Amino acid sequence: MDEKMEEDASYQQLMMDDHNHNNNWEANADAYQEQQQQHHNHHHHHHHNHHPSEPALPEPGGGTPDHHHPKELLQRCMSVNGGGERVPGAVHREPEPEPMASKVTLNINSSASKFLMNVITAEDYQRTYWPKLDSAIDQLLTQSPGDCIPISYEQIYSCVYKCVCQQHSEQMYCDLITKITSHLRRVSEELQVSCPDAYIERFNAALSQYMGALQSIVPLFIYMNKFYIETKLNRDLKDDLIKLFTEQVAEKHVPTLMPLLIEAQSTPFKITPSTMANIVKGLYTLRPDWAQLAPSLFSKFIPNILPPALESKLSEYAAQDQKLQRELMQNGFARGDQSRKRAGEELMFNGSSSSSSSSSSSSSSCANARGYR
């Protein structure tokens, strides 16, 4: 009798719990499982101590209710014992899926999802990003000074920035060096087959074109230079690219170029002064020690190449100037008549002298008329 009263009390408690938590039953799967386990353990214990003559709970008659009745929930909990046997008189139902299982969603932060969507793989870099950079570098390396090329500097700058952020700096640097090295090798081969008369002009064109391209390439790769080359390699992108021209072009052609420059210096206007100045300054920028190959030539465009002048050698300096003047005269540059001034100045001088003489004669006549001596 006590056991029956205890079971009735449990039943009443279950009804109250179901009434209070009916709205939260399907929203919280963990709470439902925990409550189901508690009911199972509680009724399993009473099942072993239950008197055989005690009647079982009646089954619900006819039709499925619109909502789970507390008595039906109790029967569901009592339908399975510890060994998996069915309790006589209890309703056996197939286990329903947990309500929260269908509601589980992957909660990803919006910024994290955006980052995952914008991940640049190595394959994306090779297929999409580097071809854009490769095409732009080609146009910059082959453009003539002053030309306007149809590329978007904003897009190229953005590509470099994204690749640096996605840890492709090392690969991008290697691709850039390989690309420019290949271009400079072609330039060197073209110079080798140039005729001597056009050699200086073509070398000057190649040097000017490359230095002009660096003024655009270096700013476009500024992020790679700042966050990879300067940080990890302890170098500078512009210095590396200038060194490439020195190794791939200049060092191979200086032995041929320097005698032609010295010969052109001795022949006035064989090449334009601007071409000579650009080549000499460019070679000095690439390697300052090349100035020692032709000090007199470099000293005309670069200061402090020759040693400082000494007072004891003034006579030697004067002799060198006289020698230069003689060479110019031999090449057709006559000094002309230095004893007379230019015709315009001579007329001005004669006019002023005649006017001054006439004024002095008139003043003297006036003085004689007044009796002054």
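Scroll up to find the structure.
Note that the coordinates shown come from a computational prediction; the quantities given were computed from them, not determined experimentally.

Thresholds, definitions, all that
- Residues numbered from 1 in each chain as written.
- Predicted model: local features only at pLDDT ≥ 70, side-chain atom pairs only at ≥ 80, totals over all residues.
- Heavy atoms only, no water.
- Phe/Tyr/Trp six-rings, centres within 6.5 Å; stacked < 30°, edge-to-face > 60°.
- Disulfide = S-S within 2.5 Å.
- Helix = DSSP H or I, 4+ residues; strand = E, 2+ residues; numbered from the N terminus.
- Expected span 1.5 Å × (residues − 1).
- Bend = angle between axes of the 7 residues up to and from the residue.
- 1 Å grid on protein atoms, 1.4 Å probe; cavity = no way out; pocket = protein on both sides within 12 Å on 5 of 7 lines; lining within 4 Å.
- Points joined across faces, edges and corners; volume = space filled by probe spheres on them.
- Nonpolar A, V, L, I, M, F, W, Y, C, P; charged D, E, K, R; others polar.

(A) Representation of the packing of aromatic side chains in the model. In the structure shown here, the tally under the stated rule is seven aromatic pairs. Here the aromatic residues Tyr157, Tyr161, Tyr223 and Phe227 are joined through ring pairs into a cluster of three or more.

(B) Molecular detail of the state of the cysteines. Applying the stated criterion across every chain, the model contains zero disulfides. Considering cysteine sulfurs only, Cys163 is the nearest to Cys159, which forms no disulfide, with 6.4 Å between them.

(C) Region of the structure containing helix α8 (residues 196-220). For α8, which comprises 25 residues, the first-to-last C-alpha distance of 37 Å matches the rise-based estimate of 36 Å (1.5 Å per residue) to within 8%. Remark: the principal bend of α8, roughly 25 degrees, maps to Leu214.

(D) Summary view of the layout of surface pockets. Counted as a void, the largest pocket has a volume near 1100 Å³. In terms of lining residues, the largest pocket is bounded by 31 residues, among which Gln265, Ser296, Lys300, Leu324 and Glu327 are the most central. Elements that contribute at least two residues to the lining of the largest pocket include exactly α10 (237-266), α11 (273-286), α12 (295-299) and α13 (314-330). Ranked by residues supplied to the lining of the largest pocket, first place goes to α13 with eight residues. A breakdown of the residues in the lining of the largest pocket according to their chemical character gives 16 nonpolar, eight polar and seven charged.

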